[in-house]
Amino acid sequence: MGLFSKLAKNINVAIFISSRGSNMEVILKNIETSKLKGINVRLVISDNEDAKGLSIARKYNVRSEYIDPAPFKTKLEGLAEDKVIKMLQEENIELVCLAGFMRMVKQNFVKAYEGRIINIHPSILPNFKGIKAQKQAIEANAKESGCTVHFVDLGMDTGRIIAQRKVKIKKDDDEKSLSKKIIKQEYILYSKVLQDIANGKVKIPNI
Ligand code: GAR
């Protein structure tokens, strides 16, 4: 493959969601309006059949699949994990973006896509890992918080950090107002990281 064709090739991406899917929507919108180049979202996967994001993805004509995660409540493992890996292979997925996917990923998947799974988390990691990160920040009386895009490993929000954006927390902020401030930054950060990956500024194995 010559240099030009290598540069011109889009990266095949899958996005995993669990409900609203607004980060996913912004990514799809940025691709549609050519604000984000070199990324091709070929698949959206949800562990929740009623996820609003699934219907949004369909509007963008992206293959959208619900994967029944039973019998597991908090992790992606077993049959569901096997199905996910098969779908990713069918679509030649090179990079997986978790965007509000509220489930731990396990060994088979992480091994199959080693170094090629990224996640967005609503805090400045390593602070406030896990669920309700915005509430944790308010309860800790933190002066600032923000969001992080990081590589996914087998830990909970422990993988290598790629990029972060901060927000200030005012005295009268609560979980809701802080979440609003943070999500605006998430929308900017996730597409920026994807653009950096597409431009080769952030290195992903086999891309
Ligand atoms: C986002 O704030 C994302 O950072 C968070 O869930 C929200 C999903 O919103 N993810 C986590 O808390 C993961 N631990 P969205 O579905 O509208 O993109």
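Residues numbered from 1 in each chain as written. Predicted model: local features only at pLDDT ≥ 70, side-chain atom pairs only at ≥ 80, totals over all residues. Heavy atoms only, no water.

A. Expanded view of the nonpolar core. Residues Ile15, Val41, Val44, Leu95 and Ile118 are the most contacted members of the largest nonpolar core, which totals 39 residues. With seven residues, helix H7 (residues 175–198) is the largest single contributor of residues to this core. Counting residues in each nonpolar core, the second largest holds 21 residues, with Ile85, Phe109, Ile117 and Val152 among its members. (Core = buried A, V, L, I, M, F, W, Y, C linked by side-chain atoms within 4.5 Å. Buried < 20%, exposed > 50% of the residue type's maximum accessible area, 1.4 Å probe, protein only. Helix = DSSP H or I, 4+ residues; strand = E, 2+ residues; numbered from the N terminus.)

B. Local environment of the packing of helix H2 (residues 22–32) against helix H3 (residues 52–59). Direction vectors running N to C along H2 and H3 enclose 10°, while the axes themselves pass 9 Å from each other. The pairing of H2 with H3 is recorded here as roughly parallel in orientation. Taking contact as the criterion, the partners of Met24, Glu25 and Leu28 in H2 are, on H3, Gly53, Ile56 and Ala57. Its residues assigned to classes, the contact of H2 with H3 shows four nonpolar, one polar and one charged. (Axes fitted to C-alpha atoms, helices over the stretch in contact; angles between N-to-C directions. Parallel < 35°, antiparallel > 145°, perpendicular 65-115°, else oblique. Contact = heavy atoms within 4.5 Å. Nonpolar A, V, L, I, M, F, W, Y, C, P; charged D, E, K, R; others polar.)

C. Inspection of the environment of Glu94 at higher detail. Inspection of the secondary structure puts Glu94 in the loop between helix H4 (78–90) and strand E5 (95–98). When the C-alpha atoms of Glu94 and Arg116 are compared, they prove to be 6.9 Å apart, with 22 residues separating the residues in sequence. Among residues more than four places away in sequence, those in contact with Glu94 are Lys9, Asn10, Ile11, Asn12, Arg116 and Ile207. Of note is the side chain of Glu94, whose polar atom sits 2.8 Å from the backbone nitrogen of Asn12. (Polar contact = N/O pair within 3.5 Å; in protein donor to acceptor, adjacent residues only side chain to side chain.)

D. Main features of unusual backbone geometry. Cis rather than trans, the peptide bond between Ala70 and Pro71 has omega equal to 5°. Mapped onto the elements of the fold, Pro71 is located in the loop between strand E3 (63–66) and strand E4 (75–76). Residues Leu125 and Pro126 are joined by a peptide bond in cis, for which omega reads 15°. Among the structural elements, Pro126 can be located in the loop between strand E7 (117–121) and helix H6 (133–139). Located in the positive-phi region is Asn61, a residue other than glycine, with phi close to 60°. Relative to the helices and strands, Asn61 resides in the loop between H3 and E3. The phi dihedral of Asp157 falls on the positive side, at around 60°, and the residue is not glycine. The topology assignment puts Asp157 in the loop between strand E8 (144–151) and strand E9 (161–168).

E. Region of interest: the site of the ligand. For the ligand, the full set of nearby residues is Arg20, Gly21, Ser22, Asn23, Gly100, Met102, Ile120, His121, Pro122, Ile183 and Glu186. Contacts to the ligand include Arg20, whose side-chain N or O atom sits 2.6 Å from an oxygen atom. When isolated, the ligand has an accessible area of 450 Å², and the protein chains bury 90% of it. Counting residues per element, the ones that place at least two in the shell around the ligand are H2, E7 and H7. The class makeup of the residues in the shell around the ligand is four nonpolar, five polar and two charged. (Near = heavy atom within 4 Å. Areas by Shrake-Rupley, 256 points an atom, 1.4 Å probe, with all protein chains shown as cover.)

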